[in-house]
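# Structural overview for review
Letter by letter, the chains look like this.
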Amino acid sequence: MKKRIPMKIEPAPTPQRTGKEYWRSLAQLAQTDEFKQRLHNEFPEGAQEMGNDWSRRSFLTLMGASIALAGLSGCRRPVEKIVPYVRRPEEIMPGRPLMYATNMPFGTKSYGVLARANDGRPTKLEGNAEHPSTLGGTNIFIQAAILGLYDPDRAKQPIDGRTKSDWDSFIDYWRSEPHTKYLDNGGRGLAVLSESFASPTLARLKEEFADTFPNATWAAYEPISDENIYDGLELATGQVYQPVHHFDRADIIMSLESDFLERDGNPVTNARGFAAKRKVESQDDTMSRLYVAESCYTITGSMADHRYRLKSSQIGAFTVALARELESQGLTINGLGDVSVDTTQFDQKWLRVAASDLRAAGANAIVLAGAGQPAWVHALVFAMNEALGANGATVTYHAMRDVARPRRSELKALVDAMNAGSVETLIILGGNPVYNAPVDVGFATALNKVNTAIHLSDHVDETSRACRWQLPRTHFLEAWGDVRATDGTLGVVQPLIEPLFEARSDIEVLTLIVRGTSQPGYEVVRETWRSVLGARGFEDRWRVVLHDGLQRDSAIDSSSPRLRASAVARAISLPQPSDGLEVTFRPSNVFDGRFANNGWLHELPDAMSKLAWDNAALMSHGTAKELGVENEDTIRIDLGGRSLETVVWVSPGHADQAITLLLGYGREQLGRVADGVGANAYRLRTLAHPLFATGGAAQRTGGKHLLANTQDHGSMEGRPLVREATLAEYKEADKPHFYPEAPHHPPLVPLWDPHTYQEGYQWGMSIDLNSCIGCNACAVACQSENNIPIVGQEQVRNGREMHWLRLDRYYASNPDDPNGLDEPEVAFQPMACQHCEYAPCESVCPVAATVHDEEGLNVMVYNRCIGTRYCSNNCPYKVRRFNFFNYTNDYPEIHKMTQNPDVTVRSRGVMEKCTYCIQRISAAKITAKAEGRTVTDDDLQTACQQACPADAIVFGNINDPESRVSKMKKINRDYQVLQEYNLKPRTSYLARLRNPHPELAPKVDRGHKGDHGGGH
Amino acid sequence: MSASSKTETTPVVEEPLITGNQTFHTVTDVVSRIAERKTTVTWLALVGMSASLALVLLGSIGYLVWEGVGIWGLNVPVAWGWAIVNFVFWVGIGHAGTLISAILHLFRQRWRTSINRFAEAMTLFAVICALIFPAIHVGRIWVVYWMLPIPNQMEMWPQFRSPLLWDVFAVSVYFTVSLLFWYVGLIPDLATLRDRAKTKIRKLALGILSLGWRGGNRQWINYERAYLILAGLSTPLVLSVHSVVSTDFAVSMVPGWHTTIFPPYFVAGAIFSGFAMVMTLGIIVRKIFHLEDFITINHLEKMNKIMLLTGMMVGYAYACEFFVAWYSGNVYEAFTFVNRAFGPYAWAYWIMVTCNVLIPQIFWFRRFRRHVTIMFIATIFINIGMWFERFVIVMSLARDFLPSSWDYYSPTIWDILTFIGSFGLFFTLFLLFIRFVPVIAMAEVKAVLPQADPHHGEKH
């Protein structure tokens, strides 16, 4: 599994009529009408029409050389003539997966990943441990990207107007008319609207575009990005930088609404660094302290040692107040100028303590602001970091090369040009501006004034339907490309599979636009890399880059940008306090909507609200009370003359007088998953207030809309499930004391002679609740690895979600605190089968379908299960999942390609649950046995463990005292949930620690028995 | 006897068990005629309605097999819902018949003769209804036979530690013995019908069913012995079957299920609900077929007394559960019971308490014990209450150890239709029974007539 090989492959043949011609069948060669007809029938526009024939055929296509008789051209391995293997190619072993290194582009960021291919079919993505952008961890988007590849609703073939077309027609069209014309007039009337990117090849093509068409314009737009951060840094330093935060070096972190663990910056490495600094293995260890001021309760807020509930619009003033406080404590902040705020509106003590902590930490502090905050806040934050000495120490700045910065101003300028009639041809490379452009920009109207609009996109979406040409775009696992990570590290996007549909990459389309020739992306990318790697020895070095997934030592050295203090001081513009509700827009599980047709992400409960599928208007108890609404009431939100109807969900800990809306929902005709889920919050978003706006109003409309919530009850009811202590309490005590305490119980005596389980491998897991950030990456990884079905909104609403691994989210607050409901603390607990030694599920199964194996695993025998569900009833952790229906029955054929062939797909009527990734255990054992050794920690990771960006989950052989898991279980924070029941679970937890400042009393009085929860 | 100062005690003269100056002949005549007369329109209409409901059951099961148990309102954590509630409900009802036949027989409670036949029949039909539910509630119905210890080439046996398996044995043994017991009791009466039969087919069928019964002395001796042995066999079963059913819950570790009081509590509840159902049916049958002389008000009063007793036992169990939950100091148990009375299912809990504990208290009054309409209404409430008792117990699942998985269960239309359909099946079978089989054990009733007393007619 660990081994990676470079793709020893040649580029796919392209339809360009040069050289060798590949054909599917004699009929194609002959171009008979019948064949053309069939081609059309094979790629119907409507998803529902997609019959099984096509998908099965496409599957065969991908099987490449091993499917000789199909007579297909779909192979990416170096074969020209298609014959069955006579001699097995090196490294190819049927049934054994291969790992390839590649990169997942994500706006101006990218993630270095390893992709697993089973017989030529990518089935799973993991972090690339050697790549600085992931360090082996992942997030939900990386984990779910594999499903996006096999999305049956992807755009399948070019569409011209309303009719199905093909690439040849588009190429002919482009070459015949626009290309020559724009070559002649220097591109007057030509415009490109792209997404943001960080890619040497795309950047090179962009330059080439500018050279070829000097009169043409180029705009880059992203609905959700770090645009404000870049703008802020430009404001503060006069140049654009990519900031990289080193949380592993930070003692004190001040987040001003930065959700750095889930969305802002590079959350994967952020989480890794953050968790590393908070690993406590003994009572002598220390950990960092996190201060968070934010509006919507985020997972970053849940990790905070001190969280301050504040409207997004007040963060700016709060930042100024904090800077003033730092100044009053003797720190000179250049750039603060003479601006002043009324600090009495904030908790003075909180500010004073936080400032003194920051001041004391100095260069080991980090201040960072949320991507939603305006540029001047980021500029001021830069000035504060500069004053603290953090710049260059905990925050490094890397020059942005090969980047198209996202800029709303460019979009605005483009729309103005479109409205003025000066754009004849608009090429939209990715993105979906009709759906997600600020609503007051009027992109859709302006688009009507463009003669020819061309849209390259994954789906036939809102924008595609408004354009003349819709061109299908490849998934990153299908096409060549390249990226720069946030620190500038270069990497190649290496495809694992021939495009499933007639799709082409951004690079290929842009090459066509600029050069008028249809070149394979492979060649274009290699052109770029020839200059990166040098012509001499290129092939060897290229292969090393492919193998590693990155070019080593290509990170851009950090710069020491100079602060332009006066510019910062000038820019500070405190917003006028305004009446009415504040509305904040946040990316969601489907990010900005680009993953809206991804069932895994829809079914994944939101990390905090635990809402699956729909989005909702999140608000505090207080706001809900004021509005006279409760959960699942429909409300109308009015903002700046526009309105949106959505549903209320009370989110304890949200700022008062504020509503958070999640973006990316409310789609129509996009795909079978996306359609009709939630409300489109983009309809309220304006250019001036893209991420939060004030002056809104909300009104109950009297309806009810049932939401699919996976955790109805947020309180632990005083039960010792998640145990916590403050770091100080933990350090002081001889015997650490955790809240809630384990109950007293009589001696635990087994009913019968227990197995000793002393021999061979004994598997066990340890989960560090102090590291777990609740990000859900493990849950999606588990879904991907273990073929967990998507059951849909209605089933989730009925309490039938299938996730083997779930993240329990508990609110806690002091029962005496009148604000308790609104200022709760949050704790997460990943919960999956605990593999109890005395498993209560096993003794009640009438047919012995769930039993223990000799390695201590509680195994489920699907074949034997008759579905009495007694085991689920008797499972105190309620981690067993039942196939109430045949959930996999109506999978589109192409969806089946996502499935891991090493894991059984369960049918209706059987129980299932976490297996500790038994297929991975088996594979590791087989490998170890073949090599004549025993399995070690290096051989084996469960899917959740591998995905975890915070390294919270450790799995291994507990019979080996040297294994990591054995050592984890020896830490004195180790405890078992419900240990008083003598179930002897093999999964144990490390109690969570918080590190509050002694002067700020912890909100939860830990000496007090009993807590009460927010939520319901 | 004139009032005097004599100190000798007055012998208690028991009221006659059968009234209306019945003779052997009139008993035979009245009871047999019910099974012999022409099919009435009323009966046809009733069977039509019941059979339609039974078809609803069949249809619901068909859809269930086709689609999966997801058509019910089940979820995780509440993986058992109405199906198991109904199972326990019907098994409970199926207790009264055998109790009346066997235990009261052993205790020489001669008044039972008027009601034991249809009580036993009701038992059988209730157990049939009960057996349907565990069979259909599994996820893969087509392999439900794996619960049975059938020898196979894999040497794969059921898992004998599972209470569900104990259920299979307990309920099937109970059904078998109850059926035998009922049939043995029927033999003399079937012979009576055979002797009165007018058509050839009827003669033949009844002739086969009555196993050559001629009423000879030797036959009677053997018969009485067999009946006594079966009564002896059935008696422990009455207690064991519901005790075993209760272990489905008691052996698990779910708070609210895991209690040692369950076996006696379930048996008391079963007798309670069984008697209520016997009463409900008995009052109807008595009214329709004018059997007031056979099922007298005294019979009904005795039954009411038993219901009062068992109702209070059940009430005691409810209280005891609360006490133990508190006394145990176990937070999960304590929470479950507070939650039962004040949580999301409090409405069901208070329906249960009202119907099972409060309403039977009216039977402290002789007037109500002997008032047919009032007791009829009371028995309906008790039936409802006992269904809710099982519902309340099963719904302990909704809130167990980890609050993160707490959820609320509500039935779907299919849950409801399946339950209603099971009543259709029950009434269909019962109507067939009263149409074709003597509803009152003629031979036994004759034995309790004054004329059967060898000293009948002698002066004291």
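Residues numbered from 1 in each chain as written. Chains lettered and ligands numbered in written order. Predicted model: local features only at pLDDT ≥ 70, side-chain atom pairs only at ≥ 80, totals over all residues.

### Description of unusual backbone geometry
What counts here: Only DSSP runs of H or I covering at least 4 residues are called helices, and only runs of E covering at least 2 are called strands; the numbering of each starts at the N terminus. Three exposure classes are used, all based on how many other C-beta atoms lie within 10 Å of a residue's own C-beta (placed from the backbone): buried at 20 or more, exposed at 12 or fewer, and partly exposed between those limits.
Cis geometry marks the peptide bond from B:Val76 to B:Pro77, where omega comes out at 20°. Turning to its location among the elements, B:Pro77 is positioned in the loop between α2 (41-67) and α3 (82-93). In this structure, A:Arg869 takes a positive phi of about 70° despite not being glycine. Counting through the fold element by element, A:Arg869 comes out in the loop between β35 (858-860) and α27 (870-874). The exposure class assigned to A:Arg869 is buried, which follows from the 25 C-beta atoms found within 10 Å. Even without being a glycine, B:His290 presents a positive backbone phi close to 50°. Considering the arrangement of structural elements, one finds B:His290 in the loop between α9 (262-288) and α10 (297-328). A tally of 11 C-beta atoms within 10 Å means that B:His290 is categorised as exposed.

### Quick word on the domain arrangement of chain A
All names here are of chain A. We count it as follows: Note that domain bounds follow an automatic or database assignment of domains. Contact between two residues is assigned when their C-beta atoms, built from the backbone, lie within 7 Å.
We note that the domain assignment places domain 1 (159-225 + 404-548), domain 2 (227-403), domain 3 (581-709) and domain 4 (724-742 + 762-994) within chain A. Distance from the C-alpha centre of domain 1 to the C-alpha centre of domain 3: 32 Å. In this assembly, 13 residues from domain 1 lie in contact with 15 residues from domain 3. Elements with a minimum of two residues in the side of domain 1 that touches domain 3: α13 (408-419) and α14 (433-436).

### Comments concerning the interface of chain B and chain A
Every contact between the two is made by 38 residues of chain B and, on the other side, 44 residues of chain A. In terms of residue count, the dominant contributor to the side of chain B that touches chain A is helix α6 (residues 163-196) of chain B (three residues).

### Some details on the pairing of strand β28 (residues 692-704) of chain A
Taken residue by residue, a regular strand's side chains alternate between the two faces of the sheet. Residues and elements named next belong to chain A. Where we set the bar: When DSSP finds two or more bridges between a pair of strands, those strands are recorded as paired.
Direction of pairing for strand β22 (residues 581-586) relative to β28: antiparallel, over a ladder of three bridges. Bridge pairing in β28 links Thr584 to Phe692. Relative to β28, strand β25 (residues 633-639) runs antiparallel, the two sharing five bridges. Counterpart to Arg636 in the pairing with β28 is Gln699.

### A look at the pairing of strand β31 (residues 763-768) of chain A
Residue and element names in this part refer to chain A. Counting buried residues in β31 gives six out of six residues, a clear majority hidden from the surface. Here β31 shows a buried face lined by Trp763, Met765 and Ile767 and a second buried face lined by Gly764, Ser766 and Asp768. Taken together, the five bridges between β31 and strand β38 (residues 953-957) define a ladder with antiparallel strand orientation. Directly across from Gly764, in β38, lies its bridge partner Gly956.

### Details of the sheet that holds strand β13 (residues 365-369) of chain A
The strands making up a sheet associate through hydrogen bonds between their backbones, and the pairing can be parallel or antiparallel. All names here are of chain A. The condition is simple: Angular values range over 0 to 180 degrees, each being the angle between N-to-C directions of two axes fitted as lines to C-alpha atoms, with helices fitted over their stretch in contact.
Taken in spatial order, the four strands line up as β12-β11-β10-β13 in an open sheet, and their pairing is parallel. The outermost strands of the open sheet, each flanked by one partner alone, are β12 (306-309) and β13. Neighbour-to-neighbour, the strand axes of the sheet open up by a mean angle of 10°, direction not taken into account. As paired elements, strand β10 (residues 252-256) and β13 share five bridges and run parallel to each other. Paired with Ser255 across the bridge in β13 is Leu368. Running at roughly 145° to β10, helix α10 (residues 315-328) makes contact with β10, β11 (289-294) and β13 of the sheet. Where helix α12 (residues 375-388) meets the sheet, it contacts β10 and β13, and its direction lies at approximately 175° from that of β13.

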